[in-house]
Amino acid sequence: SKFKKEVQAVIIYVNAHYMDKLTLDGIADYVAESGNLSRLFSKETGTGLFQYINEVRMKRAGEMIRSNKQAYVKEVAAAVGFDDPYFFSRKFKEFYGKTPSEYAEG
């Protein structure tokens, strides 16, 4: 891969745990990186760590909504790691330019 092993480990970890409450300390502990992981991630990928986490969550949410148009926003939000469905809906609209229900309609 084109990224350092620590960054690869972060990407793998985030993709496996996007639905969990992710913290910088928790991710750093997992990849055994004591330096500035957030800065390293940004430098290597060109994307902020929490921006990346949000992208992974939004892509998964979009897949869930497209595959089950009857899914409740609250359920999708919880499944991708958001406690607050209203905050999730706002972030979803920022990401896709549509609300979850508009997105489900196509």
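Bear in mind that the values here come from a model prediction, so they are computed numbers and not experimental data.

Caption draft 1: Structural context of the overall build of the protein. Scanning the protein from terminus to terminus reveals seven helices and zero strands. By its C-alpha atoms, the protein is 45 × 25 × 20 Å across when sized along the principal axes. Burial statistics for the protein: of 106 residues in total, 32% are counted as buried. Within the protein, contacts between residues at least 6 apart in sequence are counted, and of these 56% link residues at least 24 apart.

Caption draft 2: Structural view of the nonpolar core. Counting residues in hydrophobic clusters, the biggest one holds 28 residues, and the most contacted among them are Val 10, Val 14, Ile 27, Phe 88 and Phe 92. The set of elements that each furnish at least two residues to this core consists of helix H1 (5–17), helix H2 (24–31), helix H3 (37–45), helix H4 (49–67), helix H5 (73–79), helix H6 (85–96) and helix H7 (100–105). The element contributing the most residues to this core is H4, with seven residues. The contacts of Val 14, once residues within four sequence positions are left out, are Leu 22, Ile 27, Tyr 52, Ile 53 and Val 56.

Caption draft 3: Just the environment of Ile 53, in detail. With respect to the helices and strands, Ile 53 occurs in helix H4. Those residues within four positions of Ile 53 in sequence are excluded, and the remaining contacts are Val 14, Leu 22 and Ile 27.

Caption draft 4: Up close: the environment of Gly 81. Mapped onto the fold, Gly 81 is located in the loop between H5 and H6. As a C-alpha pair, Gly 81 and Asp 20 span 61 residues in sequence and 5.4 Å in three-dimensional space. Leave out the neighbours within four places in its chain, and Gly 81 touches Tyr 18, Met 19 and Arg 57.

Caption draft 5: Focus on the pattern of salt bridges. In the structure shown here, the tally under the stated rule is two salt bridges. Measuring nitrogen to oxygen at the nearest pair gives 3.5 Å for the salt bridge that ties Lys 5 to Glu 6. What makes Glu 6 buried here is its relative accessible area of 18%.

Caption draft 6: The packing of aromatic side chains, seen in detail. A full pass over the atoms with the stated rule returns nine aromatic pairs. Arranged with centres 5.9 Å apart and planes meeting at 45°, the rings of Phe 82 and Phe 87 form a pair that is tilted. Within the aromatic cluster, the residues linked to one another by ring pairs are Phe 82, Phe 87, Phe 88, Phe 92, Phe 95, Tyr 96 and Tyr 103. In this structure, Arg 57 packs its charged tip against the face of Phe 82, placed 5.7 Å from the ring centre.

Caption draft 7: Spatial organisation of the packing of H1 against H3. Two elements in contact, H1 and H3, have axes whose closest approach is 10 Å; the angle formed by their N-to-C orientations is 95°. Classed by the angle they form, the pair H1 and H3 counts as roughly perpendicular. Here H1 contributes Glu 6, Val 7, Val 10 and Ile 11 to the contact with H3, which in turn contributes Leu 37, Leu 40, Phe 41, Glu 44 and Thr 45. Of the residues that constitute the contact of H1 with H3, the class distribution is six nonpolar, one polar and two charged.

Calculation rules
- Residues numbered from 1 in each chain as written.
- Predicted model: local features only at pLDDT ≥ 70, side-chain atom pairs only at ≥ 80, totals over all residues.
- Heavy atoms only, no water.
- Helix = DSSP H or I, 4+ residues; strand = E, 2+ residues; numbered from the N terminus.
- Buried < 20%, exposed > 50% of the residue type's maximum accessible area, 1.4 Å probe, protein only.
- Contact = heavy atoms within 4.5 Å.
- Core = buried A, V, L, I, M, F, W, Y, C linked by side-chain atoms within 4.5 Å.
- Salt bridge = Lys/Arg side-chain N within 4 Å of Asp/Glu carboxyl O.
- Phe/Tyr/Trp six-rings, centres within 6.5 Å; stacked < 30°, edge-to-face > 60°.
- Lys NZ or Arg CZ within 6 Å of the ring centre and 35° of its normal.
- Axes fitted to C-alpha atoms, helices over the stretch in contact; angles between N-to-C directions.
- Parallel < 35°, antiparallel > 145°, perpendicular 65-115°, else oblique.
- Nonpolar A, V, L, I, M, F, W, Y, C, P; charged D, E, K, R; others polar.

Read these as layout, nothing more, since geometry by itself doesn't imply function.
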